Amino acid sequence: MTQLRPLRWQDIPELVTLEQQLFAHDAWSEPTWWAELAQRPRRSYVVAQSGDNLAGYAGLDRGGDVADVMTIAVAPAHQGTGLGRVLLDRLLADARESGAEHLMLEVRADNEAAQRLYAGSGFELLTVRRKYYQPGDVDAHVMRLHLKGDTP
């Protein structure tokens, strides 16, 4: 059974390993994770714990009227199980509770599964940032969801 809980500093080594598995060239380093934790409470991170391992994680920047998805990731063994949707729903609830009117995110143009997840939750494509992700010159799709008046 997978349970969501707040990210703890003790999770950082496992997060770094999982980041390398999932994102290779774009992976966040240990210092990046420490910097993210240092920005709490503006930054909010949750992990999905499955037994002794992390099954996934997600983060939000609560920046006032506009909140930003910082990351959502699901370990390979848990992909396709709906955990990405559970993590996104947690971020949506967190953004609403913080009073945000919009939730923004950037997603790789070559990440079709993530784009389907976001579109299925009501996110709309605003613009494309050309060659945003390096190396590889991969475009970023900038997406937005209106939160006010929506129900979780």
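Relevant structure appears above.
Scoring rules and cut-offs
- Residues numbered from 1 in each chain as written.
- Predicted model: local features only at pLDDT ≥ 70, side-chain atom pairs only at ≥ 80, totals over all residues.
- Heavy atoms only, no water.
- Helix = DSSP H or I, 4+ residues; strand = E, 2+ residues; numbered from the N terminus.
- Rg over C-alpha atoms; globule rule 2.2 N^0.38 Å.
- Pairing = 2+ DSSP bridges.
- Axes fitted to C-alpha atoms, helices over the stretch in contact; angles between N-to-C directions.
- Contact = heavy atoms within 4.5 Å.
- 1 Å grid on protein atoms, 1.4 Å probe; cavity = no way out; pocket = protein on both sides within 12 Å on 5 of 7 lines; lining within 4 Å.
- Points joined across faces, edges and corners; volume = space filled by probe spheres on them.
- Nonpolar A, V, L, I, M, F, W, Y, C, P; charged D, E, K, R; others polar.
- Buried < 20%, exposed > 50% of the residue type's maximum accessible area, 1.4 Å probe, protein only.
- Salt bridge = Lys/Arg side-chain N within 4 Å of Asp/Glu carboxyl O.
- Parallel < 35°, antiparallel > 145°, perpendicular 65-115°, else oblique.
- Left-handed = near helix turned anticlockwise from the far one by under 90°.

### Some thoughts on the overall build of the protein
Each helix and strand in the protein was counted, giving four helices and seven strands. Mapped in sequence order, the helices and strands of the protein form the string β-α-α-β-β-β-α-β-α-β-β. Against the compact-globule benchmark of 15 Å for 152 residues, the protein has a radius of gyration of 15 Å, which places it among compact chains. Summarising its shape, the C-alpha atoms of the protein cover approximately 40 × 35 × 30 Å along the three principal directions.

### Describing the sheet that holds strand 6 (residues 124-133)
Working definition: the strands of a sheet are paired by backbone hydrogen bonds and lie parallel or antiparallel to each other. Spatially, seven strands are ordered 1-2-3-4-5-7-6 in an open sheet, and the strand pairing comes out mixed. The sheet is open, and its two edges are formed by strand 1 (2-6) and strand 6, each paired on a single side. The sheet shows a mean angle of 25° between the axes of neighbouring strands, direction not considered. With seven bridges joining them, strand 5 (residues 102-108) and strand 7 (residues 138-146) adopt antiparallel strand pairing. Paired with Leu105 across the strands is Met143, a residue of strand 7. Each of strand 3 (53-62) and strand 4 (66-74) touches helix 1 (residues 12-23); the most contacted strand, strand 3, lies at about 90° to it.

### Points about the layout of surface pockets
There is about 1000 Å³ of room inside the largest pocket. Within the residue set of the lining of the largest pocket, elements represented by two or more residues are helix 1, strand 4, helix 3 (83-97), strand 5, helix 4 (112-120) and strand 6. Per-element tally for the lining of the largest pocket: the top contributor is strand 4, with seven residues. Taken together, the residues of the lining of the largest pocket sort by class into 19 nonpolar, eight polar and seven charged.

### Focus: the side chain of Ser50
Structurally, Ser50 can be placed in strand 2 (residues 43-50). Taking relative accessible area as the criterion, Ser50 reaches 18% and is therefore assigned buried. The residues touching Ser50, leaving out its near neighbours within four places in the chain, are Met1, Thr2, Ala55 and His78.

### Things to note about the pattern of salt bridges
Counting across every chain of the model gives nine salt bridges. Note that Glu36 and Arg43 form a salt bridge whose closest N and O atoms lie 2.6 Å from each other. Salt bridges linked by common partners bring Glu36, Arg42, Arg43 and Asp61 together as one network.

### Observations regarding the packing of helix 3 against helix 4
For the pair helix 3 and helix 4, the least separation of the axes is 11 Å and the interaxial angle reads 50°. Classified by the angle between their axes, helix 3 and helix 4 sit oblique to one another. In this structure, helix 3 crosses over helix 4, and the sense of that crossing is right-handed. Judged by residue contacts, Gly84, Arg85 and Leu88 of helix 3 engage Leu117, Tyr118 and Gly120 from helix 4. Considering only residue class, the contact of helix 3 with helix 4 consists of three nonpolar, two polar and one charged.

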